Amino acid sequence: MEVIILFSVFLILLVVGMPIAFALGIASVSYLLLEGISLTIVPQRMYAGIDTFVLLCIPGFVLAGNLMNVGNITEHIVRFSNALLGHIRGGLGLANVGGSMIFGGISGTAVADSASIGSVMIPGMARSGYDKPFAAAVTAASSTIGPIIPPSVPMIIAGSLSGISVGRMFLAGAVPGLLMGLAMMVTVYILAVRRGYPKEKRVPVLQLLREAKTAFWALLMTVIILYGIIGGFFTPTEASIVASLYALVVGMYVYKGLTWRKLPGILVDTVLTSSALLLMVGLANLFGWILTSEQIPQMIATLILSISENPLIVLLILNLILLFVGAFMETIAALIILFPALVGVATGVGVDPVHFAVIAVLNLMIGLTTPPVGVCLFVVAGIGKLPMLSVARAIVPFLLCNLAVLMLVTYVPAISLWLPNLLMGSN
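Scope of this entry: the structure provided in the associated data block. Note that the coordinates shown come from a computational prediction; the quantities given were computed from them, not determined experimentally.

1. Considerations on the side chain of Thr139
One can find Thr139 in helix H8 (residues 132-143). What makes Thr139 buried here is its relative accessible area of 0%. Other than its neighbours up to four places away in sequence, Thr139 contacts Asn96, Ser114, Ile117, Gly118, Ile122 and Val380.

Following this line, the structure appears as structure tokens:
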């Protein structure tokens, strides 16, 4: 009975628009009061949820993303993408995807990507003759590449929950992320040709080289992060600090968009964003602890395995569960609540845990662009001053494209595992 009340309170609060962190907290406290459990468990479980060294990289990567935005690094990434791809039909849409692939490979967060790239590209595409809902849909869809291409905040969370190597997960996401980007570019091009979207003039080779030279410092950031982690020079947490310091130096002394006066505002914004994320992690851990004590994960595992023990069918069921949950719940909360249980089911039928981690994150990223709680949809709709329904309609081709990539990644493990096995050896 108490478990039913737990889920009922949680779902009702979500429906009325309560922020997910508070919905998790209030539902959990309601359960504890009904069970007569001391509320001292609340701070204990919250602290246990965030008392992980690897989670320290969340503020680091958030800070790096904020420094990039203010320091004009994002602008140079977009300009380079435009120079490289703008002459193709639908070139600004292609540049939007390309910019997200580069930016996401530095910040590791989809919402930061959709906000920063969207503020530049949505108005720019609209002025150039693209439908505004299409521009918003491209931005939202391509922003989901960020947490697949390393570094990835959701993969950091998954690693902290399961003990899976974050470095291996970062590498495992690289090829699927590139595949997502290429699939979206094909989708953009097909739609652009059908709808007659414009193309820009071809940029002279010298100008392209100048843009490449200017963007070099932004592109080098991803190389430093990945090489440092793979080469064992620093951990993901240390990589986030290196990324922040690098973004500070490049933004201040190379691109000169950063000034000392802007730093306090950037730091405050980073603290607010990071504290909101970590509050959600802590409260989701409390919620997850309640589910574990009620043996809900074991029930889910038993139910799934009672349907089939065939790995292909089990993976299909896990995909359906994650897609459904991702449409209604924020990524971090969904991972904390579901990932430990579902990875156990997956590994129980012979699926590599790193492979399943990529599948889980990819599913939940698709959820960020799926109504009714697609956070990235709300962000781009706000930037474009568009009705949510028009953006939801425009994103359907990209959802279908991403689902096709999801199925490919799910049933061809080598797409995820080839790179980590090559560079770090097989487990």
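Okay, back to it.
2. A word on the packing of helix H16 (residues 331-348) against helix H17 (residues 353-367)
Remark: H16 packs on H17, axes separated minimally by 10 Å, with the N-to-C direction vectors making an angle of 145°. Pair H16 / H17 crosses with right-handed handedness. The segment H16 lies against H17, with Thr331, Ala334, Leu335, Phe339, Leu342, Val343, Ala346 and Thr347 engaging Pro353, Phe356, Ala357, Ala360, Leu364 and Met365. Grouping the constituent residues of the contact of H16 with H17 by class yields twelve nonpolar, two polar and no charged.

3. Section: the environment of Leu272
Examined against the element boundaries, Leu272 turns out to sit in helix H13 (residues 263-293). Using a relative accessible area of 56% as the deciding quantity, one classes Leu272 as exposed. Along the backbone, Leu272 and Pro59 are 213 residues apart, and their C-alpha atoms lie at a distance of 9.7 Å.

4. Details of a nonpolar patch on the surface
On the surface, Leu312, Ile313, Leu316, Leu320, Met407, Leu408, Tyr411 and Val412 cluster together into a nonpolar patch covering about 650 Å² of accessible area. Checked against the element boundaries, Met407 lands in helix H20 (residues 396-411). Overall, the relative accessible area of 31% leaves Met407 in the partly exposed class.

Basis of the calculations
- Residues numbered from 1 in each chain as written.
- Predicted model: local features only at pLDDT ≥ 70, side-chain atom pairs only at ≥ 80, totals over all residues.
- Heavy atoms only, no water.
- Helix = DSSP H or I, 4+ residues; strand = E, 2+ residues; numbered from the N terminus.
- Buried < 20%, exposed > 50% of the residue type's maximum accessible area, 1.4 Å probe, protein only.
- Contact = heavy atoms within 4.5 Å.
- Axes fitted to C-alpha atoms, helices over the stretch in contact; angles between N-to-C directions.
- Left-handed = near helix turned anticlockwise from the far one by under 90°.
- Nonpolar A, V, L, I, M, F, W, Y, C, P; charged D, E, K, R; others polar.
- Patch = residues over 30% accessible without salt bridge, like charges linked within 9 Å, V, L, I, M, F, W, Y side chains within 5 Å.
- Areas by Shrake-Rupley, 256 points an atom, 1.4 Å probe, with all protein chains shown as cover.
- Salt bridge = Lys/Arg side-chain N within 4 Å of Asp/Glu carboxyl O.

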